[in-house]
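Chain residues, written in single-letter form:
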Amino acid sequence: MVFTSWQQQWQESFKKLDNLLAYVNLSPDDVPSLDQNSDFPLRVPRAFADRIEKGNPGDPLLKQILPLSQELDNVTGFMKDPLAENEANPLTGLLHKYKSRVLLTLSGACAVHCRYCFRRHFPYNENNPGTKGWESVFEYLKNHAEVKEVILSGGDPLAVDDSLLENFVKRLENISSVKYLRIHTRLPVVIPARVTEDLLNIFLTTRFKVTMVLHSNHANEWDGSLLLPIKQLKEVGVTLLNQAVLLQGVNDDLSSQVDLSYRLFDFGILPYYLHLLDKVSGAAHFDVIKPIAIQLMREMIEVLPGYLVPKLVYEAPHRSSKIPVDLGL
Ligand code: SF4
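Just so it is clear, the model here is predicted, and its values are computed rather than measured.

Each aromatic ring pair is specified by the distance between its two centres and by the angle formed by the two planes. What the rule picks out here adds up to nine aromatic pairs. For the pair Phe 14 and Tyr 23, a centre-to-centre distance of 5.0 Å together with 45° between the ring planes defines the contact as tilted. Of the residues examined, Tyr 23 reaches a relative accessible area of 23% and is grouped as partly exposed. With a centroid separation of 5.1 Å and 70° between ring planes, the pair formed by Trp 134 and Phe 168 is classed as edge-to-face. Remark: Phe 168 occurs in helix α6 (residues 162–172) and Trp 134 occurs in helix α5 (residues 130–142); sequence separation between them is 34 residues. The exposure classification of Trp 134 matches that of Phe 168, with both residues buried. Taken together, the aromatic side chains of Trp 134, Phe 138 and Phe 168 make up a single cluster linked through ring pairs.

Below, the structure written as structure tokens:
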């Protein structure tokens, strides 16, 4: 087998619907209401497409990445910036919503375009500090000693190459009040080759306690290609958690949720959050209403050990933390 770097795999991602459909043995007629011209374009790495069941238009991984014309529906309550993140930006690329932690965009790019993404309309190009903006970010952190944790988000922060990430981490280490580094990423799930030797070395040598919050929504995203990278991340001391989004038609049933929790645990990862969908325009067809989500959670509590039950949460504009959903238990 020829090894292909993660960058090359990314470059060779499916960007044309017809090519992706052919790869998974489907024709456009198999999937009603495709949107061939979405302004949130298709992007799917082959390593992820390999986990889509061939010939199945209802595959739960396919549904997460297929642009449909429903995305054009104007649905009341769904908007472009549902969390008003533009308003919480003290500096380009830096969100300081939570007291003890800041969220920093390292890259606006993602290896996969998830149709439900709440940041699908976020102006990343204007909100990425780039290496030139780092000085002001570090200055901000020096003046805000209450910030203990820096959360790298995006986009996908692992979209940057290892030398840039290493440079960032080394300079962040000079700010003594910052103790923890968290990385919110989907990249190792969609392109397992993203877990490189250099990346592992950054985690091995940093003084920070590192947590990686992976994002996956369905057990089928976890196959043998992830075994080694996840094992390696654990070996260098990274704490691994998963967050998922509750998505209609993808994982809104008991067996999908139970399977996901157990599969994560088999890989040594704990389920952390199950998010209610952020009401972003274009994603209304994924929405699962709160009473249904609560019912599902109650059923999960019956079948899963407590440590495998994720917290059901949602986010709201101008609230300083995620809001747990009251399950009425
Ligand atoms: S990887 Fe994350 S940020 Fe990127 S499109 Fe998917 S959900 Fe959105």
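Still more ground to cover, so stick around.
This paragraph deals with the sheet that holds strand β7 (residues 270–275). Strand order in the open sheet formed by nine strands is β1-β2-β3-β4-β5-β6-β7-β8-β9, with mixed pairing between adjacent strands. The two strands at the open ends of the sheet, each matched to only one other strand, are β1 (94–98) and β9 (323–324). Where strand β8 (residues 311–314) meets β9, two bridges bridge the pair, whose relative direction is antiparallel. When the bridges of β9 are listed, Val 313 appears paired with Pro 324.

What follows covers unusual backbone geometry. Positive phi, close to 55°, is recorded for Asn 25, a residue that is not glycine. For Asn 25, the position within the fold is in the loop between α2 (17–23) and α3 (46–49). With phi around 55°, Ser 33 is a residue other than glycine that occupies positive phi space. One can find Ser 33 in the loop between α2 and α3.

Turning our eyes to something else, we now look at the site of the ligand. In the vicinity of the ligand, the contacting residues are Cys 110, Val 112, Cys 114, Cys 117, Gly 155, Arg 186 and His 215. Taken atom by atom, the bulk of the ligand overlaps the largest pocket. Residues that form the shell around the ligand fall into these classes: four nonpolar, two polar and one charged.

Of all the positions in helix α9 (residues 227–235), only Pro 229, Ile 230, Gln 232 and Leu 233 are classed as buried. The buried residues of α9 occupy one face: seen down the axis, they fall within an arc of 160°. Buried residues in α9 make contact with α8 (197–205), β5 (209–215) and β6 (239–245). One or two residues past the end of α9 sits Gly 237, with phi positive at roughly 90°.

About the criteria used
- Residues numbered from 1 in each chain as written.
- Predicted model: local features only at pLDDT ≥ 70, side-chain atom pairs only at ≥ 80, totals over all residues.
- Heavy atoms only, no water.
- Phe/Tyr/Trp six-rings, centres within 6.5 Å; stacked < 30°, edge-to-face > 60°.
- Buried < 20%, exposed > 50% of the residue type's maximum accessible area, 1.4 Å probe, protein only.
- Helix = DSSP H or I, 4+ residues; strand = E, 2+ residues; numbered from the N terminus.
- Pairing = 2+ DSSP bridges.
- Near = heavy atom within 4 Å.
- 1 Å grid on protein atoms, 1.4 Å probe; cavity = no way out; pocket = protein on both sides within 12 Å on 5 of 7 lines; lining within 4 Å.
- Sits in = over half its atoms within 2 Å of the grid points.
- Nonpolar A, V, L, I, M, F, W, Y, C, P; charged D, E, K, R; others polar.
- Arc of directions from axis to C-beta.
- Contact = heavy atoms within 4.5 Å.

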